[in-house]
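Coordinates in review
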Amino acid sequence: MRYSQLLLPTLKEVPADAEIVSHILLLRAGFIRKLTAGIYSYLPMGLAVIRKVENIVREEMNRAGAQELLMPMVQPADLWVETGRYKKYGPELLRFRDRHDRESCLGPTHEEVITDIARKELHSYRDLPVNLYQIQTKFRDEIRPRFGLMRGREFIMKDAYSFDVSDAAAEVSYRKMYDAYKRIFSRCGLDFRAVQADSGAIGGSFSHEFMVLAKTGEDTIVVCNTCEYAANMEKAVVKLRIGASTETLAELKKVETPGKRKVDAVCDFLGIGPEKLVKTLVFMADGKPVAVLVRGDREVEEVKLKNLLGVADVEMADDLEVFNATGVPTGYLGPVGIAIRVVADQEVAAMQNFYVGGNEKNYHLQNANLGRDFQVEAIADLRQITTTDPCPECGGALSLTEGIEVGHVFKLGTGYSQSMNATFQDSDGQEKHFVMGCYGIGVSRVVAAAIEQNHDENGIIFPVPLAPCTVIILNLGGKDEKLTAVAEKLYKDLQEAGIEVLLDDRDERPGLKFKDADLLGIPYRLTIGNSYAKSGKVEVRRRRDAVIEEMTPDEAVTNLSDRITAELRK
RNA sequence: CGGGGCGUAGCGCAGCCUGGUUAGCGCGCCUGCCUUGGGAGCAGGAGGUCGAGUGUUCGAAUCACUCCGCCCCGACCA
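Residues numbered from 1 in each chain as written. Chains lettered and ligands numbered in written order. Predicted model: local features only at pLDDT ≥ 70, side-chain atom pairs only at ≥ 80, totals over all residues. Heavy atoms only, no water.

The domain architecture assigned to chain A consists of domain 1 (15-188 + 415-451), domain 2 (253-380) and domain 3 (469-569). Taking only C-alpha atoms, the centre of domain 1 and the centre of domain 3 are 39 Å apart. Taken together, the 6 residues of domain 1 in the interface contact 6 residues of domain 3. When the two sides are added together, the surface that domain 1 and domain 3 hide from each other amounts to roughly 480 Å², 68% of it contributed by carbon and sulfur. (Domains from an automatic or database assignment. Contact = heavy atoms within 4.5 Å. Buried area = accessible area lost by both parts, 1.4 Å probe.)

Mean pLDDT for chain A: 91, with 98% of residues reaching 70 or above. In the model of chain A, strand 16 (residues 314-316) stands out as the element of lowest mean pLDDT, 81, in contrast to strand 3 (residues 67-68), which has the highest, 98. Long-range and interchain partners of residues 199-204, a stretch whose pLDDT sits below 50, account for 3 contacts in this model, where long-range means more than four residues apart. (pLDDT = per-residue confidence, 0-100. Helix = DSSP H or I, 4+ residues; strand = E, 2+ residues; numbered from the N terminus.)

Taken across its 8 residues, strand 14 (residues 278-285) has 8 buried, putting it largely inside the fold. Covered by surrounding structure in strand 14 are Val278, Thr280, Val282 and Met284 together with Lys279, Leu281, Phe283 and Ala285, the residues of both alternating faces. As judged from the 8 bridges shared by strand 14 and strand 15 (residues 288-295), these two strands associate in the antiparallel manner. The residue bridging Met284 from the neighbouring strand is Pro289, located in strand 15. By the bridge criterion, 3 bridges tie strand 14 to strand 16 in an arrangement that is antiparallel. Within strand 16, the position partnered with Phe283 by the bridge is Met316. (Buried < 20%, exposed > 50% of the residue type's maximum accessible area, 1.4 Å probe, protein only. Pairing = 2+ DSSP bridges.)

What follows covers helix 12 (residues 443-453). Judged by how many residues are buried, helix 12 sits mostly within the fold: 10 of 11 residues are covered. Taken residue by residue, helix 12 has Val443, Ser444, Arg445, Val446, Val447, Ala448, Ala449, Ala450, Ile451 and Glu452 as its buried positions.

Across the sheet, 5 strands lie side by side as 16-14-15-17-20; this open sheet has mixed pairing. Edge strands, defined here as strands with exactly one partner in the open sheet, are strand 16 and strand 20 (378-380). Here the average twist between neighbouring strands, direction ignored, is 35 degrees. (Axes fitted to C-alpha atoms, helices over the stretch in contact; angles between N-to-C directions.)

Take the sheet that holds strand 19 (residues 363-368) next. Strand order across the open sheet formed by 3 strands is 13-19-18, with antiparallel pairing between neighbours. A strand with exactly one partner marks an edge of an open sheet, and here the two such strands are strand 13 (253-256) and strand 18 (354-360). Each strand of the sheet is rotated relative to its neighbour by a mean of 35 degrees, with strand direction disregarded. As paired strands, strand 18 and strand 19 are joined by 4 bridges and run antiparallel to one another. Within the sheet, the bridge partner assigned to Val356 lies in strand 19 and is Leu365.

Below, the discussion takes up the protein's contact with RNA strand B. Around RNA strand B there are 49 residues in total, and Thr36, Arg140, Glu142, Arg144 and Asp518 lie nearest to it. At 2.9 Å from a base oxygen of RNA strand B is found a side-chain nitrogen or oxygen belonging to Arg525. Contact distances for RNA strand B include 2.6 Å between a base nitrogen and a side-chain N or O atom of Glu539. Among the secondary structure elements, those contributing two or more residues to the surface near RNA strand B are strand 1 (32-36), strand 8 (154-164), strand 21 (398-413), helix 14 (510-520), strand 29 (524-528), helix 15 (530-535) and strand 30 (538-542). Per-element accounting of the surface near RNA strand B gives the leading share, 7 residues, to helix 14. The class makeup of the residues in the surface near RNA strand B is 14 nonpolar, 10 polar and 25 charged. (Near = heavy atom within 4 Å. Polar contact = N/O pair within 3.5 Å; in protein donor to acceptor, adjacent residues only side chain to side chain. Nonpolar A, V, L, I, M, F, W, Y, C, P; charged D, E, K, R; others polar.)

Written as structure tokens, this is what we have:
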């Protein structure tokens, strides 16, 4: 590629509507441009990076035995009605009618379509296992798109679906994808963790998220310092340490707490620690109030609550909703005699003689006890894990980090094959439902995540496998024919050595070329300038550590090609 | 959808509060000269329905109302 002929509009200034590094740098480096909220065009160099990721994904998927196909983006609503998701999916699913007034939607994911293919084309256990994948543009009408490629409404995703004869076979397919994902993200040069996303009621871990570690990550993940345990904060299992207490149950007493509403204020006033107090929080679960009991110094994990209640949405109730539901002002709410559903965190069930709200303004209750003074509908792990909690696997210490979810593997079971009646005939002659799995990778998000993890104040620092090209040649000779000839020869020689190279042949001053080369993040820079006239040597500089070596042009070609192949082989 | 903010040249912004010449500045772009190892300099030039509509006014980028778009904070997810 010749820079002079490339659409590569770099920006000196930081675009106003970009917040995080990857977004800023993708715009500044001329890789993407925004069309409208959450929807971007990939300019040539940006697309080159996307292709790099796609190819790595493709190679590893194929290696794992998956087959590529391509499904339609426009899908008939009927299919979604079959699985019940046409109602369930919500406004994120973009729906529309075609000219014949047929209900349609843009595919945010493809379980329905792939299951339709399976039920039509796969009939025998002999056809299984099968794993089909595609790399395609998805559309999800996100409530709030943000951060450039990180959370777009339109984005490129690799989605794969496996079909197996049995649970055990599906687990083998799952494991294959899990391993393939590890290889994919390693090859992309990313620092990542595979974290447990849902241990579910079944036990076992059938869903993992692949998280790239970066401060700008939208998810918090919990990592064990000693064992391999890693989980999304939302799902991290809190291991209860407190055994049944030996404390004898004391008499329930009403205590006055005038004007004391917050946990801190109540504890100060009563001279107790927050671990002796249980707070009663009200959530609106699909619009209906539910009281949740947690220890005074704990936070409710809404995802856990949502899963326990089996509802689509939970939200903290506001003061008015609380009052309307219970007749008690916030701050004095308690489980004793409360009028709404109550669930409790497991920790509360292990506590004795604690303080709770008195369900009356300016009063709390002392020596409350679950079972004796009030009942709850369920006792479960409902609170957020903290770094003072032990690892649920080995009991070791935990730490928290931020992560960007770039991949997700999920064992689906027979949910879709049942609702869509997708069956095959097994070796015993029985009709059985396919056991399915699905596996996603956010291809465009990988690019953003890679930049979040690989940049400095001057711009992007691409890992070699993701770089749009691996070498940029800077001809600083201007109109000097000798230097230009050297640059042109290097350009040709490198290409012949199979290296992707960008030749900056623009009639620009050196400073500008240096700045652009750094911004673009191309791993190696080859400079032909004044020193060549003196010593006959060109300069090879590595972007990541700015280490410079001087050598003859011929040496540069072999040197670069050796280093690049070595890095690609890693 | 709730809360906060923004919309003036390709990009970044000033002007608006307190209405009044021809709407400015930096970068970028075009022409010429000059310059060539870290975003040079000089000279000249092009480029604007001031997001849209309605209203107030002798007069609106500026005031009011409505709409649209975009960004940030929350629920969603690759």
